[in-house]
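Results of the structural survey
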Amino acid sequence: MSATDTVTLTLAQVEELCHSVLRRHGLGEAHIAPVTATIIAGERDECASHGVYRLLNCVHTLKSGKVVPDAVPVVDHMSMSLLRVDAAGGFAQLAFATGLPHLVEKAQATGIAAMGINRCVHFAALWPEIEALTGRGLVAFACTPSHAWVAPAGGTSPLFGTNPIAFGWPRPDGDPFVFDFATSAVARGEIELHRRAGKPIPLGWTIDAQGNPTTDAEAGLAGALLTFGGHKGSALSAMVELIAGPLIGDMTSAESLAHDDGAKASPYGGELIIAIDPIGFLGGAAAEHVQRAESLFDGITGQGARLPSRRRFAARRRTPEAGCRIPRTLYEELAALA
Ligand code: NDP
Ligand code: PYC
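Chains are numbered independently. Their residues run from 1 in the order of the written sequence. Labels are handed out in written order, letters beginning with A for the chains and numbers beginning with 1 for the ligands. Given that the model is predicted, a residue must reach a pLDDT of at least 70 before its local features are reported, and side-chain atom pairs must reach 80 or more before they are shown or counted; all residues, however, enter totals for whole chains, interfaces and linings. The side-chain figures draw on all heavy atoms in the structure; neither hydrogens nor water molecules are used.

**Quick look at the environment of Trp-127**
- Here Trp-127 shows up in helix H5 (residues 127-134).
- Note: C-alpha distance between Trp-127 and Thr-38 (89 residues apart in sequence) is 9.5 Å.
- Throughout, a residue-residue contact means that at least one pair of heavy atoms, one from each residue, lies within 4.5 Å. Those residues in contact with Trp-127 that lie beyond four places of it in its chain are Ala-41, Gly-42, Arg-44, Asp-45, Cys-47, Val-178, Asp-180, Arg-312 and Arg-316. Each helix is a run of H or I in the DSSP string that is no shorter than four residues. Each strand is a run of E no shorter than two, and both are numbered from the N terminus.

Here you go:
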């Protein structure tokens, strides 16, 4: 993209844009800061598919009545190590923020705790939630179904969601080890960005409605996404459907799409988050073993391979000074919504 095709915004301008778009479209005050924080984090870390682009989805979801704008999350303490947060139809961010201190407290008290978020609208990347836990010294896992857009390996009809899986490991010095990816070959948002830019997509991401491989983003979105790693991604995607769907009493991606009823709003359903305190297994030896894990990371980087999230963390250091580059067409669309 040439400089004339883009607009550069400071993080403060991204925040202002989010606030005015979300407020103008009726999102409740309690939700504006946590939703904005997720979108800023995406833009700051140069995750274009989950940065300000998502404001379009938020506005569309608000307009279509598929999110409760002023939902008040309710926490249910089920046991020493389990809690559920009923998002009451609102965006997931406020529900996560409401449950977070309880999840941390339970993980620290028992060694491991799980939080199910129910009845939430989920449009975001999972790593901000993972980093909220690694930042408190906890090992973290999260996953969520989405809408049925992805064919199981060997099939041709959409059944699974893009179903991200995210994991985090706190490191004694510096950035945590974090990965966060869709179990489809790529997030649907990335294909949408290719469609908007008029760019072809790589073979292997999607099939068209007739089940043929395609490099046409529009045709791929109308057909089905493929899982990453063939049958392996397919099984992981099924796992996400199960453990963040029926296990916590919430929807599968097929049910989420049926609930959507053609509105094309963001996915609706549950999210499962697990937090593990290394002290639970290791007591006073936790620091020693967490330090020992560093040799694994050295073994990766020592041979020139890169750690997941390294690109993101590098962007995070750059954008506060350099600003965030946004396609001009997207910026103009968002400015009109503000
Ligand atoms: P990618 O295929 O780009 O994979 C992302 C992960 O892989 C990141 O942790 C990334 O780190 C890491 N990675 C990428 N390239 C390398 C490499 N060469 N070496 C080591 N690690 C690498 O992203 P996806 O399209 O699968 O997903 C993007 C986002 O979409 C995720 O954050 C996910 O949560 C979100 N999503 C959300 C959904 C929802 O329902 N809420 C549904 C689907 C996706 P880095 O960032 O540093 O490049
Ligand atoms: O990009 O697949 C995606 C996605 C779904 C929900 C949020 N992001």
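**Here we look at the site of ligand 1**
- Residues in close proximity to ligand 1 total 22 residues, the closest being Ala-124, Asp-180, Ala-182, Ala-187 and Arg-311.
- Side-chain atoms alone can form a polar contact between residues adjacent in sequence; in general such a contact is a pair of N or O atoms within 3.5 Å, and within protein one must be able to donate a hydrogen while the other accepts it. The contact in question runs from an oxygen atom of ligand 1 to an N or O atom on the side chain of His-50, over 3.4 Å.
- The contact in question runs from an oxygen atom of ligand 1 to an N or O atom on the backbone of Arg-310, over 3.4 Å.
- Protein coverage of the free-state accessible area of ligand 1, which is 920 Å², stands at 74%.
- When residue character is reported, Ala, Val, Leu, Ile, Met, Phe, Trp, Tyr, Cys and Pro are called nonpolar, Asp, Glu, Lys and Arg charged, and the others, Gly included, polar. Residues of the shell around ligand 1, tallied by class, amount to eleven nonpolar, six polar and five charged.
- Boundaries between domains were set according to an automatic or database domain assignment. Two domains each put at least three residues into the shell around ligand 1: domain 1 (1-64 + 308-338) and domain 2 (71-184 + 227-307). What makes a residue near a molecule or strand is one non-hydrogen atom of that residue sitting within 4 Å of it. Calculation of accessible area relied on Shrake-Rupley with a 1.4 Å probe; when residues are assessed, cover is drawn exclusively from the protein chains displayed.

**Re the site of ligand 2**
- The environment of ligand 2 is formed by His-50, Arg-54, His-122, Phe-123, Trp-149, Thr-162, Ala-187, Arg-188, Gly-189 and Pro-267.
- Within the side chain of Arg-54, a nitrogen or oxygen atom sits 3.2 Å from an oxygen atom of ligand 2.
- When the free accessible area of ligand 2 is taken as 250 Å², the share hidden by the protein chains comes to 91%.
- For the shell around ligand 2, the residue count by class is four nonpolar, four polar and two charged.

**Considerations on the sheet that holds strand S3 (residues 82-86)**
- The strand order S2-S3-S4-S10-S5-S6-S7 describes an open sheet built from seven strands, whose pairing is mixed. Both outer strands of the open sheet, strand S2 (74-77) and strand S7 (177-181), are each paired with one neighbouring strand and no more. Averaged over all neighbouring strand pairs, the angle between strand axes comes to 15°, with direction disregarded.
- One requirement defines pairing of two strands: DSSP has to find at least two bridges between them. Pairing of S3 with strand S4 (residues 112-121) involves five bridges; the strand directions are parallel. When the bridges of S4 are listed, Arg-84 appears paired with Gly-116. Inter-axis angles, ranging from 0 to 180 degrees, are taken between N-to-C directions of lines fitted to C-alpha atoms, where helices are fitted over the stretch in contact.

**Considering unusual backbone geometry**
- At Arg-119, a position not held by glycine, the phi torsion is positive, near 55°.
- Mapped onto the fold, Arg-119 is located in strand S4.
- The backbone of Lys-264 shows a phi angle near 60°, a positive value even though the residue is not glycine.
- Mapping Lys-264 onto the fold places it in the loop between helix H9 (253-260) and strand S10 (268-276).
- Lys-264 gets classed as exposed once you look at its relative accessible area, which sits at 69%. The rule is simple: take the accessible area with a 1.4 Å probe, protein chains only, and divide by the maximum for that residue type; under 20% is buried, over 50% is exposed, in between is partly exposed.

**So, the domain arrangement of the protein chain**
- Taken as a whole, the protein chain is organised into domain 1 (1-64 + 308-338) and domain 2 (71-184 + 227-307).
- One C-alpha centre belongs to domain 1, the other to domain 2; they are set 23 Å apart.
- Taken together, the contact pairs 28 residues of domain 1 with 22 residues of domain 2.
- The buried area of a pairing is the accessible area, by a 1.4 Å probe, that goes missing from both parts when the two are put together, added over both. A combined buried area of about 2200 Å² lies between domain 1 and domain 2, and 64% of that area is made up of carbon and sulfur atoms.
- Of all residues in domain 1, His-31, Thr-38 and Pro-308 give up the largest surface area on contact with domain 2, accounting jointly for 27% of the area buried on that side.
- A pairing counts as a salt bridge when a side-chain nitrogen of Lys or Arg comes within 4 Å of a carboxyl oxygen of Asp or Glu. Across the domain 1-domain 2 interface, the total number found is three salt bridges.
- The shortest N-O distance in the salt bridge between Glu-131 and Arg-316 comes to 2.9 Å.
- Our enumeration of links across domain 1 and domain 2 arrives at nine residue pairs in polar contact (both at pLDDT 80 or more).
- The set of elements that each furnish at least two residues to the side of domain 1 that touches domain 2 consists of helix H2 (29-44), helix H3 (53-63) and helix H13 (310-322).
- With nine residues, the top contributor of residues to the side of domain 1 that touches domain 2 is H2.

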